[in-house]
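# Summary of structural features
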Amino acid sequence: MRKRRGASEVAAVRARLQAEFVANLSHPGGQLEGMPLSSPDRCKWRCSTQGCRHEWTTRFQFRARSNNPSGCPECWKRRNRAPGPGESLAELDPVLKEQFRRNLDRPDRGPETLRPQAHDLCEWECSEGHLWPATVANRTNGRGCRKCKGYGRSSFECNVAMLVQAASGLTVELDHRIKVPGRREDRFDLFLPTLGPGLLIDLDPMWTHGRPGSLERDTAKTEAALASELDLERIRERGLPPIPLHGLTHYEAGPGVDPEDWAETVGYLLRRRGVPWRELTPKEVTAALSSGAQLWAKAVAGPKVSALDAAPHLENEFVANLTNPGKGLHRMPPGCNDVCAWRCRTPGCDYRWEAPLCARALHGRGCRHCGYKRTGAANSRPSPGESLAEVNPALAEELIEVKGHPDWTAFDLLPYSNKVCLWKCPDSACGYEYPASAARRSGQSTGCPQCARRRTTEGRRRPKPGRSLQDLFEVIASELVEVIGEPGATAKNLRPSSARQCRWRCSKPNCPGRWDASPDQRTRRGGTGKRCPVCHPPRKSRALRGAS
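Residues numbered from 1 in each chain as written. Predicted model: local features only at pLDDT ≥ 70, side-chain atom pairs only at ≥ 80, totals over all residues. Heavy atoms only, no water.

For the chain, the count of helices and strands is 23 helices and 20 strands. A globule of 548 residues ought to have a C-alpha radius of gyration of about 24 Å, yet the chain, at 46 Å, is considerably larger. If one aligns the C-alpha atoms of the chain with their principal axes, the spans along those axes are about 155 × 75 × 40 Å. Per-residue burial over the chain gives 39% buried out of 548 residues. Relative to all contacts within the chain whose residues are 6 or more apart in sequence, the contacts with residues 24 or more apart total 42%. Looking at charge distribution, the chain has the averaged site of its 87 positive side-chain charges lying 16 Å from that of its 62 negative ones. (Helix = DSSP H or I, 4+ residues; strand = E, 2+ residues; numbered from the N terminus. Rg over C-alpha atoms; globule rule 2.2 N^0.38 Å. Buried < 20%, exposed > 50% of the residue type's maximum accessible area, 1.4 Å probe, protein only. Contact = heavy atoms within 4.5 Å. Lys, Arg positive; Asp, Glu negative; His and termini not counted. Charge placed at Lys NZ, Arg CZ, Asp CG, Glu CD.)

Following the sequence through the fold, R500 ends up in the loop between β18 (480-483) and β19 (502-505). If sequence neighbours within four positions are ignored, R500 has contacts with R461, V483, E486, N493, L494, A517, S518 and P519.

Time to look at helix α9 (residues 214-227). Taking 1.5 Å of rise per residue, 14 residues should cover 20 Å, and α9 covers 20 Å from first to last C-alpha, within 8% of that figure. For α9, the full list of buried residues reads S214, D218, T219, K221, T222, A224 and A225. Check the buried side of α9 and you find it contacts β8 (185-192), β9 (199-204), α8 (206-209) and β10 (231-237). E229, located one to two residues past α9, shows a positive phi value of around 60°. (Expected span 1.5 Å × (residues − 1).)

Moving on, we get to the pairing of strand β14 (residues 352-356). Only one face of β14 is buried, namely the one carrying W353 and A355, since none of R352, E354 and P356 on the opposite face is buried. Bridging between strand β13 (residues 339-343) and β14 involves five bridges; their strand directions are antiparallel. Counted as the bridge partner of V339 is P356 from β14. (Pairing = 2+ DSSP bridges.)

All right, on to the nonpolar core then. Judged by nonpolar contacts, the single largest core of 30 residues is most densely connected at V164, L190, L192, I201, L203, I235 and L270. Elements with a minimum of two residues in this core: α7 (155-168), β8, β9, β11 (251-253), α10 (259-272) and α11 (282-299). Considering each element in turn, this core owes the most residues, eight residues, to α7. Apart from residues no more than four positions distant in its own chain, L190 is found in contact with E157, V160, A161, V172, E173, L174, L199, L200, I201 and L203. (Core = buried A, V, L, I, M, F, W, Y, C linked by side-chain atoms within 4.5 Å.)

Given two aromatic rings, their pairing is described by the distance between the two centres and the angle made by the two planes. For the structure shown, the criterion picks out eight aromatic pairs. Seen from their ring centres, W45 and F60 are 6.1 Å apart, and the 25° between their planes marks the pair as stacked. Taken together, the positions of W45 in strand β2 (residues 42-46) and F60 in helix α2 (residues 60-64) put the pair 15 residues apart, joining distant regions of the chain. We classify F60 as buried; its relative accessible area is 0%. Ring centres of Y251 and Y268 lie 6.3 Å apart, and the angle between their planes is 70°; this geometry places the pair in the edge-to-face category. Within this pair, whereas Y251 is found in strand β11, its partner Y268 is found in helix α10, the two being separated by 17 residues in sequence. The buried category is assigned to Y251, whose relative accessible area is 6%. (Phe/Tyr/Trp six-rings, centres within 6.5 Å; stacked < 30°, edge-to-face > 60°.)

Written as structure tokens, this is what we have:
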């Protein structure tokens, strides 16, 4: 339910818009004072900011709305969503601030004037001295230095590299990158810089090179590398088709990704080139694999400031990383856009939903169900001067409690709220307690149902004008003494068909007859119903009298 704006808020909105209003284009001559805040009329505006004075057109309702009202487009462009206090990259991520070197798109913008999700292309430098370009959003979302991180690597490649280095004594580099003319930057799994101009080795296991289109991509990459006179060798898992290039030696390993098997194939390749190779002892193999595991752990190490460090309260609500299964909060930066599963731990909620990590760690978004409850509770609270107690004090006096909110009073309740309340009839003779919403009491002017039923019953019993017992049966009405149980009732308040018991007295002189009967019994058969028992004794009594 949308919260109503108070008179003071409406006046403030009109005052703000009056300073920039020029003309109503939809209804020429129309003035701002006569337009409702929801008007769809297109109007002309002039910016009131000093030094701007830009004119533009937009609908009145867009400028008058409570949340995110539109403003001058030129001022917005100049600001370009400049960060406010506590929103800049420098304040939210000091680590990225230290790695920032320059803004390639807008040289005048730095970490202090950039938001964490900005798309400016900037240059960065890691702790190892590697320079590379990346957008601010990519860095905030967890992208780091390709040469330092595990991008494009695997634990399998790390283990093979360490085994080759231990058996050959040569330096082996991982994830070597070269820009070949006519292509984007290509990466090669292993690089041995001490062999001539440098030997490049690509490892092609089935799980990464057996997909549709992989053979075409591998062929194009190999052909471009050979055309650039690079020294490249490929080792492919058994079962994969060979690269269809003339003169390219075909090496196989596997099946599977056993690092020792693949390292042995690399050793066979090196021995053919005259490189010394020795067999490793089991102890040396274990040491090499341990070095490979450490290298991989370093490559995929978590960020210096993780999402768990920035928002420790998320640990209890985190369920799983759906984008990269198995990756926890300690291995993701606060700005990571991986979609994760969350479960609300608020008692009585237990709602489960999916949302990017950055939305929770940086933007502060939480459980939408709890948010709906908080928004509803805030919208149901009145502004100053709008509560039931202030708008309708007489009705507020009848309020006993607001069901579900025992601490609420009439000052916490809107006059047209749908919350069910308990009310007490102000009539001292009634005092009936009943439930009803404030909106029903205020909008429909409903009151005590017990009194309403009594009034309805009395209305049905009351005769229409000219149709009372006094009007239709004057003789019978003259014999009425009283309505039993209703001392103030007279023949004018009775219908001839009424079933109320009355006391009658015979109108004949010197007749002591008194009896009880209803008007309906008296007016039957044209007014000859239950008459005076003395003047008109029952037939049985008359028969007994004649016999005597």
